[in-house]
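Here are the chains, one letter per residue:
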Amino acid sequence: MRQIDSDFLALPLRRLADAALQRARDLGAEHTDFRLERVRAETLSLYDARLEGAADADDLGYAVRVVKGGTWGFAAGIDLTPESAARVAEQAVRVAEVSAPINREPVELAPEPVHADVTWVSSYEIDPFEVPRGEKVALLADWSAGLLKGADHVSARLLQVKEQKFYADTAGTTTTQQRVRIHPHLNAMKASQSGFDDMSTIAPPVGRGYEYLTGEWWDWQGELAALPQLLEEKLAAPSVEAGDYDLVIDPSNLWLTIHESIGHATELDRALGYEAAYAGTSFATFDQIGELVYGSPLMNVTGDRTAEHGLATIGYDDEGVRAQSFDIVRDGILVGYQLDRRMARLKGFGRSNGCAFADSPGHTPIQRMANVSLQPAPGGPDTDALIAGVERGLFIVGDKSWSIDMQRYNFQFTGQRAYRISHGKLAGQVRDFAYQATTTDFWQSMEAVGGPQTYVLGGAFNCGKGQPGQVAPVSHGCPSALFRNVRILNTVQEGGK
Amino acid sequence: MTPQEMVERALELSTADGCVVLADERSTANLRFAGNTLTTNGVARSSRLTVISVAGQGVGVVSRAAVRPEQLADVVAAADAAAREARPAEDARELVSGVPASASWDEPVTPTGIDVFTGFAPALGEAFSAAESGGRKLYGFAEHTLTSTFLGSSTGLRLRHDQPTGRLELNAKSSDLKRSAWTGVATRDFSDVDVAALDGGLAQRLDWAKTRVDLPAGRYETLLPPAAVADLMIYMFWSAGARDALDGRSVFSKPGGGTRVGEQLAALPVTLSSDPAAEGVACSPFVTARSSGRESSVFDNGLPLSATDWIREGRLESLRQTRYSAELSGLPVTPAIDNLIMRGPGGGRSLEEMIASTRRGLLVTCLWYIREVDPQTLLLTGLTRDGVYLVEHGEVVGEVNNFRFNESPVDLLGRLSEVGPSSPTLPREWGDYFTRAVMPAIRVPDFNMSTVSQAS
């Protein structure tokens, strides 16, 4: 079990918190929370096995959020002195006062048990920031050089983040947390007489340390060895014939469909309209909870912030709420939403399920996505068995392009590669495919769900939401699954060619 | 210690062959609202120091937030050490020199704060009241940011740029949330924002939407206003890197090798350009690069930027370049610039006049969730939102359902049938990243609406 870095603990965390909380209390705030964060990120970018760019940056600062007279006030600062922290608290109160005339919905927070002086560290072995940069670059260069034997150009990127947070509020909760995440990604590109195409690795980003690249957690050698041949086959593949197909979707592609069509659609702030001008709302409106037929009876979706190695996994959220696991869709019916404390109170949930997150010390916490995952069928089939059940279809692997409307109805996704399925067997790749559907039609067409042996935790570092814009890391677990009669586009024809 | 002092001290501390130091001071204030009430707000300040050390052909970059004076030596030492350990960088060039110092270098930073909304917030409150009584709900976001960037180098550069960036996004919905309209403005200080007038324009569009017309997917003659045009052109601009074009992996690659520079892309004489001194959308007049990449080089820091035509009279003129990629391509050094201006042949008709001259077509006010489907053609997919209207015989006759589109902005340039006069606009989708745009309304004879979206 890793410990929180001593240089973070050496910062004047409690002195700043005490100064800010006391000042806000003196100025009449009903609630105050203080959050100090240090987020370090390193990105290594290689092109054709040569280092092209290396960015090593951190973000350090703190935020004070108050509720005064029923109105939020938020301010953030960077000077690590109690005097400055008190001034930032004053600014937060001032922001609440300036904003009061345009606030018509008093803020109240759902209660949360006090978590006094608790710590939490994510599950990882090797801190990527303790690995010499040269060693990381050498490994990526070696992998790139291997791919270059079968590609014209290869790009490689390694994203590494360490996030440290200290939180304290006027109720008495104090949390100190640290988590690490990592995302290696390689892409091979090749040109032919028919144009160019590329293919990327499908290894997901994970809440692990550097051991993800060097250990047994992913078959890097196998994936990298296969990629050039897969790309060669893709370049030679026929263009897909547009029409309706049965789809078997690999977890490396399905996670993103879950993210867009379930994850975002079941954020209560969207359903209530708080994101209406920007990210949008949701077809899954609050009045339909317990009634909306989201998908087939095989569909069981959970939200959780507790899955080991999940990117949204944490001990306590940015409102001091302990991480939980909860149902979102049960037997195909919408049964839950992702919440923060304000919305939990507003809609009578009793307690938040712990989905508040801020991506930096300069941003206010908003409701962000838990690890929203489609559960496998106990004893369910493997991917080959799902494919065997298809007469005419496609098997889609890896995520690529994605887009969905502002109420999460209409989506369109592509993938890294698609194989034609003929009479229950794979029959070579096709190119230029995209699948397009309406969310509930798609999930209601899910006829079979793979077993636990097909389950993979996918995800992304950079889910965007909110204004000012914030990015959040999130994982989505899912098995392979079979969908009937989904519309497939030919993207070349779509482009008018 | 002031940011200028941090830059000077860091340059003194560096023992590398060369050094560039960037200090960014950022302050921001925002108000967010939904359903005629505030949802979140905030003020924040941040600072960042980026040290770029050069040892031989190697480079090391370390960027740290909220650096305290006593930490400066460690940050510089880390960058110096990274440079010495680094392999030779492909883009290594002599550091930029000989650029005159900015006249404002020594002036203090004046941060923005919540008081930038002192006049705006009450006006917004009045707009909430007007909307409430008019059966509308207002949603949106107001933000003001001031970023001061100081760039110093061991070659003597002392450059400064102060960038105010402000925007208001305003979305009005009918009380049943079934009709929706959006508008946005970019502003430098909120003194020029007339929220009541903006709300009035949205109210008119909600009235248009009282008549609903359902149309199927298909290709439609379509009018796109400046905000929607900006979203398409900005994505094309972001895709116009010279290195990707040279490597044969972009829409601007010439089959068989090289780039498409010199090729006629548009039949109409449209020009797409950037100019750091453009009135109302002024931006940094020199390169700032905090890491090297496909379209940026830390060695180019401080390089002066000047007006650049990307497309001139319909012909592809330039791609986004570093000094390194310019050598590879044999084309002029034309780095990216933080604004984008599209102009037609001149004398064009206003959007209202274009509507009046339309026999049957769609007026699509906003595009959303735009993503790349095929880099080879730059085929993009996305949605319409917050107002698609049917125009018949010169008049808006009702609101149409939303669509998913599949279109390439490059292909679309070749199919434009009309370009109106240009005006400053706020891109709907990319306004978080790119606020300085001047765009025309355009007419496309056959915009590809791929499928119907149920979203309203």
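Above this text you will find the structure in question.
Per chain, residues are indexed from 1 in the order of the written sequence. For this description, chains carry letters from A and ligands carry numbers from 1, given in the order in which they are written. For a predicted model such as this one, the threshold for reporting local features is a pLDDT of at least 70, and the threshold for listing and counting side-chain atom pairs is 80 or more; totals across whole chains, interfaces and linings nevertheless cover every residue.

Okay, the sheet that holds strand β10 (residues 325-330) of chain A next. Residues and elements named next belong to chain A. Pairing between strands requires that DSSP locate at least two bridges from one strand to the other. By definition, any uninterrupted DSSP run of H or I lasting at least four residues is a helix, any uninterrupted run of E lasting at least two residues is a strand, and each is numbered from the N terminus. If you trace the four strands from one edge of the open sheet to the other, you get β11-β10-β9-β14, paired in antiparallel fashion. At either end of the open sheet lies a strand with only one pairing partner, and these are β11 (333-334) and β14 (371-374). Both strand β9 (residues 301-304) and β10 contribute to a ladder of four bridges, which runs antiparallel. Of the residues in β10, the one forming a bridge with Gly303 is Phe326. With C-beta atoms placed from the backbone, a contact is any residue pair whose C-beta atoms sit within 7 Å. Lines fitted to the C-alpha atoms define the axes, with helices restricted to the stretch that makes contact. Angles between their N-to-C directions range from 0 to 180 degrees. Its contacts with the sheet put helix α7 (residues 251-263) on β9, β10 and β14, and the angle it makes with β14 is roughly 110 degrees.

Time to look at the nonpolar core. Across soluble globular proteins, nonpolar side chains show a tendency to be buried alongside one another. Buried Ala, Val, Leu, Ile, Met, Phe, Trp, Tyr and Cys residues form a nonpolar core when they are connected through C-beta atoms within 7 Å. For every residue, the other C-beta atoms within 10 Å of its own C-beta are counted; 20 or more classify it as buried, 12 or fewer as exposed, and values in between as partly exposed. C-beta atoms are placed from the backbone. If you look at the biggest cluster of nonpolar residues, it comprises 223 residues, and the most contacted ones within it are A:Ala20, A:Val64, A:Ala92, A:Leu394, B:Phe117, B:Val229 and B:Met233. Among the elements that line this core, the one with the most residues is helix α5 (residues 226-238) of chain B, at 10 residues. Discounting chain neighbours no more than four positions away, the residues touching B:Met233 are B:Leu272, B:Leu340, B:Met342, B:Pro409 and B:Met439. Formed by 71 residues, the second largest nonpolar core is a distinct cluster that contains A:Val161, B:Val54, B:Ala86 and B:Ala336.

Our next topic: the packing of helix α3 (residues 120-133) of chain B against helix α4 (residues 195-208) of chain B. Residue and element names in this part refer to chain B. Running from N to C, α3 and α4 cross one another at 30 degrees; their axes reach a closest spacing of 9 Å. On the basis of their axis angle, the class for α3 and α4 is roughly parallel. Seen along the crossing, α3 lies across α4 with a hand that is right-handed. Only Val195, Ala196 and Asp199 of α4 make contact with α3, whose side of the interface consists of Phe120, Ala123, Leu124, Ala127, Ala130 and Ala131. Considering only residue class, the contact of α3 with α4 consists of eight nonpolar, no polar and one charged. Any angle that is under 35 degrees is reported as roughly parallel, and any over 145 degrees as roughly antiparallel; angles of 65 to 115 degrees are reported as roughly perpendicular and all others as oblique. Helix crossings fall into two classes, left-handed where the near helix is turned counterclockwise from the far one by less than a right angle and right-handed where it is turned clockwise. Side-chain classes are defined by residue name, with Ala, Val, Leu, Ile, Met, Phe, Trp, Tyr, Cys and Pro counting as nonpolar, Asp, Glu, Lys and Arg as charged, and the others, Gly among them, as polar.

Residues and elements named next belong to chain A. Multiplying 1.5 Å by the helix residue count minus one yields the expected span of that helix. In a regular helix each residue adds 1.5 Å, so 14 residues correspond to 20 Å; helix α2 (residues 13-26) covers 20 Å between its end C-alpha atoms and thus fits that length. What α2 keeps buried is the set Leu16, Ala17, Ala19, Ala20, Leu21, Arg23 and Ala24. One or two positions beyond α2, positive phi appears at Gly28, with a value near 95 degrees.

Residues and elements named next belong to chain A. Cis geometry is adopted by the peptide bond preceding Pro468, which originates at Gln467 and carries an omega value of 0 degrees. Within the fold, Pro468 resides in the loop between β20 (456-465) and β21 (470-478). With a phi close to 70 degrees, Ala49 is a non-glycine residue in the positive phi region. With respect to the secondary-structure elements, Ala49 resides in the loop between β1 (31-47) and β2 (50-68). Of note, the phi angle at Asp117 is positive, near 55 degrees, even though the residue is not glycine. Within the element layout of this structure, Asp117 appears in the loop between α3 (82-99) and β4 (118-121). In this structure Asp117 comes out as exposed when scored by C-beta crowding, with 12 C-beta atoms within 10 Å.

Tallying the contact residues gives 74 residues for chain B and 67 residues for chain A. Of the residues belonging to the side of chain B that touches chain A, the class tally is 25 nonpolar, 30 polar and 19 charged. Judged from the two bridges that link them, strand β3 (residues 71-77) of chain A and strand β2 (residues 37-55) of chain B form a sheet pairing that is parallel. Within β2(B), the position partnered with A:Ala76 by the bridge is B:Ala44.

Interpretation note: all reported values are geometric properties and have no functional meaning in isolation.
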